[in-house]
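Analysis of the macromolecular model
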Amino acid sequence: MTSLDASTETEDSGPGGYAAARLLLLHEKERSGPPRRTALARLTDDWLSGLFAAAAPPRGVALVAVGGYGRGELSPRSDLDLLLLHDGTADQAAVAALADRIWYPVWDLGIALDHSVRTLAEARTTAGEDLKVQLGLLDARTVAGDAGIVAALRTTVLADWRNQAPRRLPELDALCRERAERAGELQYLLEPDLKEARGGLRDAQALRAVAASWLADAPREGLDDARRRLLDARDALHLATGRATDRLALQEQDAVAAELGLLDADTLLREVYEAARTISYATDVTWREVHRVLKARSARPRLRSLLGGRSGGGKQPVERTPLAEGVVEMDGEAVLALSARPERDPVLPLRAAAAAAQSALPISLHAVRRLAATAKPLPVPWPAEAREELVTLLGAGEATVPVWEALEAEGLVTRLLPDWERVRCRPQRNPVHTWTVDRHLVETAVRAASLTRRVGRPDLLLVAALLHDIGKGWPGDHSVAGETIARDVATRIGFDRTDVGVIATAVRHHLLLVETATRRDLDDPATVQTVAQAVGTLGTLELLHALTEADALATGPAAWSTWRASLVADLVKRVAGVLAGETPPDPEAAAPSADQERLAIEALRTGEPVLALRTEPVAAEPEEPEPVGVELLIALPDQPGVLPAVAGVLALHRLTVRAADLRAVELPTVLGSGSVLVLDWRVAAEYGSLPEAARLRADLVRALDGSLDVPARLAERDAAYPRRRGLTAPPPRVTVAAADSRLATVIEVRAQDAPGLLHRIGRALEGAAVRVRSAHVSTLGANAVDTLYVTRPDGSLLPDEEAVDLARALEAALR
């Protein structure tokens, strides 16, 4: 037999009887969660006990369940952790034969087995050498045989664990940290590992081990429930996939949610995140206490030595350093002063949090719980001191995060800001986002704290950063919903009407700068005028500029780059000019640059394409210029097929297109008749160095004359790379954008990013009798937004109906 579904034996004690009973148990809908795990463990105990008894075991031998099986927590596809323990008096051959009589039936059913055969002394020695073995033995439980030898093992292992705790607990802490680095934080991952990630089942087991050491204990409120929810999710994952997996993959989440009777995959993730957050917070508090106790123990012998062996007959006084009114530092934590009266001081929670963050200290568990239990609610609107303390807390940078998490763990954040509940633990189904919505908001405030010197009102920047995505808990456009919520929250916090308006505007338009800069033609006066009208004032513009950068940096590495920063900075400069009363230059009246004119003359003279590559550095610091891409200038006699040919050649050479500007240049008739097409492209190498201009030119000539089949070459390269398993990408969508441009009709293409996408767009536009004036490419993760400014051949805008027909045709071609 090779599967659990196979059943050729009818005896209840045989593998077939166990497999059938196990299968029946796993499909009992009325029994799930802890009762099912316990029942499965008992069923397995009974089966293994039967195998053990049938093998006529010698005296002084026991079958022991360890690890998760020892705790009676068997998930549908869990492996069995078994130890065959003996006292060393039995014949070795008899013990080995007994082991075979147990192990082989387990393997025959296809159940994973972690097994060992040891004497009591060997088990103790191995535990002393291997931390993971020792952790497993802490949950040792008799399945069959000599219970006395198992009791001796448990007593010995527990005594060793407690005696060795000062050495082994730091080792366990390091093991947990290494695992967290490898597997990430469960509460923020789109595809979390329920067991290995930080805040998962391994950390819950580690907390049990710390408690068993008697050195420290975890805060127990909610911990058992959090652990149960993760175990339930793992059970459902095993049943939905039929595999022994702990990774909650995207494609499995709907089935797992249905198995648990939850509304949808987002509800599932939110429950998982809340459980992980409880375990992570308990982990932080517990390890802090462990290190505090170990530090105090190591300090006492040194103190006695300094005192000449005299203890002085009493405890040493605890040092308490004032941090703020009602808040002191003690033992490396921010705690409440002895004179603090939370029931009379409604600002104390924010003052304590701000003092802790500003001092880069954790706030003690006892202090947070006392504040949550006794603190007087703040009046609405808040007094000025409370608003200032919130701004101070947000302005502390990285130190804000653990303090905020402590407040949130005890419900203080939602008490202060009730609208926070809708974004708490809310997943973001976008691989570009690193964090859940609530943590992203805090991270944005952390990033904004480093940008406060760039704005006139740092307080408005920090609060806008905290609230910019608050609308994601509501249906519809989160920026529109967020504007209303931000207005209410800012009023609640105590800002005046003008400041409330600025915060609401920042939340409403927090995506305006980056989306406009990367998707619109900045040379078009309508682009700049639209942004200026939305922003309104220079002060709001500088706040939005800083918020845009903070938001992108807090989103993830794919959301911000030097290139994006340069585009946003260029847009801000142009908008600032308009707000200051300047008139944007007319791009129609702009003459070609000297380089463009030189290349155009050469192209007209030779009748062939002419290319020039020029790296453009943008310096964050003047002494350290960072290249943001390369300017590629191309001039060639005006002819059909230029856009798809150039885009295709660039794709073949693995150059990413960031922007493209196309213009027809009419040269003086003395140099010849006809016009020259000048293309100004911004490109960047995907990896490696840039190709030589001569190679690009040679391939462009071949692409234009038809001797280079660009689509075939791109298809060959695409076929050479195996496709990874994953979710099916949504179909492309093409729309006519409302850009109010006088220069061109704006077509926006949203599609899965892929090499040669702009080439395919260009080919689709070839037969549409339109001219592409410029193209702007924005890529975020796997999604591309390509914006095309198109006109009729005579340079006029497309009528509305024509523009819609063009969008539909382009969408159909890209599908």
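Here is a short report on the structure shown in this document.

Conventions and cut-offs
Residues numbered from 1 in each chain as written. Predicted model: local features only at pLDDT ≥ 70, side-chain atom pairs only at ≥ 80, totals over all residues. Heavy atoms only, no water. Helix = DSSP H or I, 4+ residues; strand = E, 2+ residues; numbered from the N terminus. Buried < 20%, exposed > 50% of the residue type's maximum accessible area, 1.4 Å probe, protein only. Contact = heavy atoms within 4.5 Å. Pairing = 2+ DSSP bridges. Axes fitted to C-alpha atoms, helices over the stretch in contact; angles between N-to-C directions. Salt bridge = Lys/Arg side-chain N within 4 Å of Asp/Glu carboxyl O.

**Side note on the overall build of the chain**
Assigned secondary structure in the chain consists of 31 helices and 15 strands. Dimensions of the chain, computed from the C-alpha atoms along their principal axes, are close to 110 × 75 × 55 Å. The buried share among the 815 residues of the chain stands at 51%. Expressed as a percentage of contacts within the chain between residues at least 6 apart in sequence, the contacts between residues at least 24 apart total 70%.

**Some thoughts on the sheet that holds strand β4 (residues 141-145)**
Read across the open sheet, the four strands follow the order β3-β2-β1-β4; overall the sheet is mixed. The sheet terminates laterally at β3 (113-119) and β4, the two strands that pair on one side only. Adjacent strand axes in the sheet meet at a mean angle of 25 degrees, parallel and antiparallel pairs treated alike. Sheet analysis places strand β2 (residues 80-86) next to β3, joined by seven bridges and oriented parallel. When the sheet's bridge partners are listed, Leu-80 is paired in β3 with Leu-113. Helix α5 (residues 120-129) contacts β2 and β3 of the sheet and is inclined by roughly 120 degrees relative to β3.

**Details of the environment of Asn-163**
For Asn-163, the location among the structural elements is in helix α7 (residues 147-163). Separated by 533 residues in the primary sequence, Asn-163 and Leu-696 place their C-alpha atoms 72 Å from one another.

**With respect to the pairing of strand β10 (residues 655-666)**
Remember that side chains alternate between the two faces of the sheet whenever the strand is regular. Examined bridge by bridge, β10 and strand β11 (residues 675-685) share eleven bridges and lie antiparallel to one another. For Leu-655, the partnering residue across the bridge sits in β11 and is Ala-685. Two elements, β10 and strand β14 (residues 771-780), share three bridges in a ladder whose sense is antiparallel. Along β14, the bridge assignment pairs Ala-660 with Ala-775.

**Some points on unusual backbone geometry**
With an omega of 0 degrees, the peptide bond between Val-380 and Pro-381 qualifies as cis. Along the chain, Pro-381 falls in the loop between α14 (365-374) and α15 (384-394). Of note, the phi angle at Trp-214 is positive, near 65 degrees, even though the residue is not glycine. With respect to the secondary-structure elements, Trp-214 resides in the loop between α9 (201-212) and α10 (223-241). At Arg-654, a position not held by glycine, the phi torsion is positive, near 55 degrees. By the element assignment, Arg-654 lies in the loop between α27 (642-652) and β10. Here Arg-654 falls in the partly exposed class, since its relative accessible area comes to 23%.

**Considering the sheet that holds strand β7 (residues 333-336)**
Pairing in this open sheet of three strands is antiparallel, and the strands run β5-β6-β7 from one edge to the other. Since the sheet does not close on itself, it has two edges, and those belong to β5 (321-324) and β7, each with one partner. The mean angle between the axes of side-by-side strands here comes to 45 degrees, regardless of whether they run parallel or antiparallel. Alignment of strand β6 (residues 327-330) against β7, held across four bridges, turns out to be antiparallel. By the bridge assignment, Val-328 is partnered in β7 with Val-335. Helix-sheet contacts for helix α13 (residues 348-358) involve β5, β6 and β7, and the interaxial angle to β6 is about 40 degrees.

**A closer look at the pattern of salt bridges**
Enumeration according to the criterion identifies 58 salt bridges in this entry. For Glu-443, the salt bridge identified is with Arg-439, shortest N-O distance 2.9 Å. Of this pair, Glu-443 and Arg-439 are both found in helix α18 (residues 437-449), four residues apart, which corresponds to roughly one turn of the helix. Its relative accessible area of 6% is what places Glu-443 among the buried residues. Residue Asp-523 is joined to Arg-574 by a salt bridge in which the shortest nitrogen-to-oxygen separation is 3.1 Å. With Asp-523 in the loop between α22 (512-519) and α23 (525-535) and Arg-574 in helix α25 (residues 562-579), this pair connects stretches of sequence that are 51 residues apart. Overall, Asp-523 belongs to the partly exposed group, its relative accessible area being 39%. Residues joined in a network through salt bridges with shared partners are Arg-37, Asp-225, Arg-228, Arg-229, Asp-232, Asp-235, Glu-274, Glu-421 and Arg-424.

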